[in-house]
Amino acid sequence: MAVEALGLVDPPGSDTGEPEEHPGDAIDALDANDPPEPLWVDFGLAVAIAGGVVLRFWTGSALWLDEALSVNIARLPLSQLTEALRHDGAPPVYYVLLHGWMQVFGEGDAAVRALSGVLSVASLPLMYLAGRRLAGREAGWVATALLAMSPFALRYATETRMYALIVFLTLLGYLVLDRFLARPTTGRLFGIMVVSALLVLTHYWSLFLLAAVCLALAVRLDRAPRSRMATAWALIGVVVGALAILPWLPAFTYQLAHTGTPWARPPRVSSIIGTVFAFSGGDEDLAPVLGVCMLAVGGMGVFGRRHADRQVVLDLRAGGPAKGLGFVTLATLVTAIAAGLVTGSGFAPRYASVVLAPFLIVVATGAQALAPSGFRRAVVGVLVSLGLVAGVLQSDTPRTQARTIAATLDAEARPGDLVLYCPDQLGPAVDRYLAADLYQVTFPRLRPPDRVDWVDYEPRNLSVAAPGFAARVHRLAGSNAIWFVWAFGYQGLGGRCEQIDQNLANVRPVRQQYVVLDIETVPEHANLTRYAVPGDPQAPAPRRR
């Protein structure tokens, strides 16, 4: 069985020796002295977890750029995947998995997003096991509820991207590593290698996570002499697994040199706090409140201990049960942000999905350390409730105006009309929902809109002058209307889209605005403007959507 191969359970007939012990056992013994949990507490946790499962398959938004790109790349034959990803900037595992998923379930919005939903739901029992092994049964249930109602986890459970897979793999890796350190077996060592390999071939930020894990294991070599051999083998297993990137190295080095993240700004030191707020709901108003609460409670997991007399002791030197996970979480973020500052590469909080699970386990451990029990339940209730509200608000927020633009084009455009996208990043999502047979091109190369070529993106865009490009599009459209899907403020374009709008208006003065970008509430927003040749009958009066 797969779970046996990864070392999560011992194979039949294996010599298991003495029962395994883990820190959670001692905390369970401490919790046994507490009064039993009221029924409403258990019911509340069950409702939170069940609600989180439902929300992982609920969003009304259309697929935005990254999701549409994922589908368009994953539908390619596997033999073409490497070349496509060289121009995209990502490793292959998620795309191979999505390719197989779409072969079975199709390419509809619900189908392609369900892969992330299933992976996110599968992470919940792993989260329980991880929290329980570290800080007891209560912490296991709290960690599960926190993940179930995490606004960040809910967002990426409903998105056709690799981040739900990353969370699943980090939890799987934690459990395999923890069990190996408790009782080393060949199967568990193999599991460490497999999970490490899958991580580095799913998202490159996993390299920072594995580096932090290796550093933590190196420290453990010196401080835990009785388990030195197991620690050394675990360190070797992580390193050997990470070497799985070597066959992919030519594509990786090409991506480093030519793709990067031209649409994003480099990180700042404050990006660490920004990441916690992203975990707490991003742009939602509740995010700072939930983020501060989680940081405070997480500090208890790193430095706090609850004693038998129901007192909480802060031990800044020895630390609490989650000090190791806290170190790995912080070291991963610091290393990644430092690398971004040195190289100037872009930063997006979603990359930090590699530390979402350990961070939430730290928070759950901190909540478990609080006393008395009534105060502990109140804190957990606040965290879960705030996460629920922020998660629902985020799930209900449109991510793109693509569906509105496509519906307008279907209703108003005529056969032979030309659709121009600037930047080309607006093309994949609109093209996915467009039913009309229209001539579609993108800035700057007049290519089809289904994919974005990130290779040398900014220099290529800036090498094209807006007046000449607009004149070329004008000639290409001839007597047909031009429908311009465009937005301003994108990185790496130098204002080209705004300039093209003005230049098209100079040669085609019959100009109408059909969709106005919704910059306040929709992250991927765009205008839809129609330009007709002089003398052409104007379309119906413009409508705002």
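Residues numbered from 1 in each chain as written. Predicted model: local features only at pLDDT ≥ 70, side-chain atom pairs only at ≥ 80, totals over all residues. Heavy atoms only, no water.

1. Regarding the environment of G136
Within the secondary structure layout, G136 lies in helix α7 (residues 109–148). What makes G136 buried here is its relative accessible area of 0%. Linking G136 and Q368, residues 232 residues apart in sequence, is a C-alpha distance of 8.5 Å. (Helix = DSSP H or I, 4+ residues; strand = E, 2+ residues; numbered from the N terminus. Buried < 20%, exposed > 50% of the residue type's maximum accessible area, 1.4 Å probe, protein only.)

2. Regarding unusual backbone geometry
Negative phi values dominate among residues other than glycine, just as trans dominates among peptide bonds. Here the amide bond leading from C422 into P423 is cis, since omega sits at 0°, within 30 degrees of zero. At the junction of F443 and P444, the peptide bond is cis and its omega measures out at 10° in the coordinates. Within the secondary structure, P444 is located in the loop between β4 (439–442) and α21 (457–462). Positive phi values are uncommon outside glycine, yet L446 reaches one of about 60°.

3. Concerning the side chain of S116
Structurally, S116 is set in helix α7. Among all residues touching S116, those that are not within four sequence positions of it are Y94, Y156, A157, E159, T160, R161 and A164. (Contact = heavy atoms within 4.5 Å.)

4. With respect to the nonpolar core
Formed by 132 residues in total, the largest nonpolar core has its most connected members in L147, L171, L409 and V485. If near-sequence neighbours (up to four positions away) are discounted, L171 is found in contact with S123, L126, M127, A130, L147, A357 and I361. Ranked by size, the runner-up nonpolar core spans 20 residues in total, among them V441, L446, V464 and C497. (Core = buried A, V, L, I, M, F, W, Y, C linked by side-chain atoms within 4.5 Å.)

5. Quick word on the pairing of strand β7 (residues 527–532)
Within β7, 6 of the 6 residues are buried, which leaves the element mostly enclosed by the surrounding structure. Neither face of β7 is left uncovered, since the one carrying N527, T529 and Y531 and the one carrying L528, R530 and A532 both have all their residues buried. The pairing of strand β5 (residues 482–486) with β7 spans 5 bridges and is antiparallel. Each bridged residue has a counterpart across the sheet, and for W486 the counterpart in β7 is N527. The pairing of strand β6 (residues 510–515) with β7 spans 5 bridges and is antiparallel. When the sheet's bridge partners are listed, Q513 is paired in β7 with T529. (Pairing = 2+ DSSP bridges.)

6. Quick notes on the side chain of T259
For T259, the position within the fold is in the loop between α13 (249–258) and α14 (271–279). Within polar-contact distance, the side chain of T259 engages the backbone oxygen of Q255 at 2.7 Å. The residues contacting T259, other than those within four sequence positions of it, are R86, H87, G89, Y254, W454 and V455. (Polar contact = N/O pair within 3.5 Å; in protein donor to acceptor, adjacent residues only side chain to side chain.)

7. Here's the deal with helix α23 (residues 496–507)
The first and last C-alpha atoms of α23 sit 17 Å apart over 12 residues, in line with the 16 Å expected at 1.5 Å per residue. Of the residues making up α23, those classed as buried are R496, C497, I500, D501, N503, L504 and A505. Buried residues in α23 make contact with β3 (418–422), α21, α22 (466–477), β5, β6 and β7. (Expected span 1.5 Å × (residues − 1).)

8. Side note on the pattern of salt bridges
Counted by the stated rule, this structure contains 12 salt bridges. Its salt-bridge partner being R376, residue E138 comes within 2.6 Å of it at the nearest N-O pair. Placement of E138 in helix α7 and of R376 in helix α18 (residues 373–395) is noted, with a sequence separation of 238 residues between them. We note that E138, like R376, is buried. With its nearest N and O atoms 3.6 Å apart, the salt bridge here joins E159 to R399. (Salt bridge = Lys/Arg side-chain N within 4 Å of Asp/Glu carboxyl O.)

9. What to know about the packing of aromatic side chains
Tallied over the entire structure, the rule returns 16 aromatic pairs. Judged by centre distance (5.8 Å) and plane angle (80°), the ring pair of Y94 and Y95 falls under edge-to-face. One exposure class covers both Y94 and Y95, and it is buried. Grouped by ring-pair contacts, the aromatic residues F152, Y156, Y163, F279 and F359 constitute a single cluster. The ring of Y254 is capped by R86, whose NZ or CZ atom sits 3.9 Å from the centre of that ring. (Phe/Tyr/Trp six-rings, centres within 6.5 Å; stacked < 30°, edge-to-face > 60°. Lys NZ or Arg CZ within 6 Å of the ring centre and 35° of its normal.)

10. Some details on the sheet that holds β5
Strands pair in a sheet through their backbones, by hydrogen bonds, and they do so in one of two ways: parallel or antiparallel. Spatial ordering of the open sheet is given by β4-β3-β5-β7-β6, a layout of 5 strands whose pairing is mixed. With partners counted over all chains shown, the strands left at the sheet margins are β4 and β6, one partner each. Strand after strand, the sheet turns through a mean of 20° between neighbouring axes, direction not considered. Packing against the sheet, α22 makes contact with β3, β4 and β5, and its axis sits at approximately 160° to β3. (Axes fitted to C-alpha atoms, helices over the stretch in contact; angles between N-to-C directions.)

11. A few points about a nonpolar patch on the surface
On the surface, M229, W233, I236 and V240 cluster together to form a nonpolar patch covering roughly 400 Å² of accessible area. Along the chain, I236 falls in helix α12 (residues 228–242). With relative accessibility at 39%, the residue I236 sits in the partly exposed group. (Patch = residues over 30% accessible without salt bridge, like charges linked within 9 Å, V, L, I, M, F, W, Y side chains within 5 Å. Areas by Shrake-Rupley, 256 points an atom, 1.4 Å probe, with all protein chains shown as cover.)

12. Some remarks on the state of the cysteines
Note: disulfide means a covalent bond formed between the sulfur atoms of two cysteine side chains. Evaluation of the coordinates by the stated rule reveals 1 disulfide. Disulfide pairing is shown between C422 and C497; the S-S distance is 2.1 Å. With the S-S dihedral at roughly -80°, the linkage between C422 and C497 falls on the left-handed side. Placement of C422 in strand β3 and of C497 in helix α23 is noted, with a sequence separation of 75 residues between them. Each member of the pair, C422 together with C497, is buried. (Disulfide = S-S within 2.5 Å.)

Any link to function would need more than the numbers given here.
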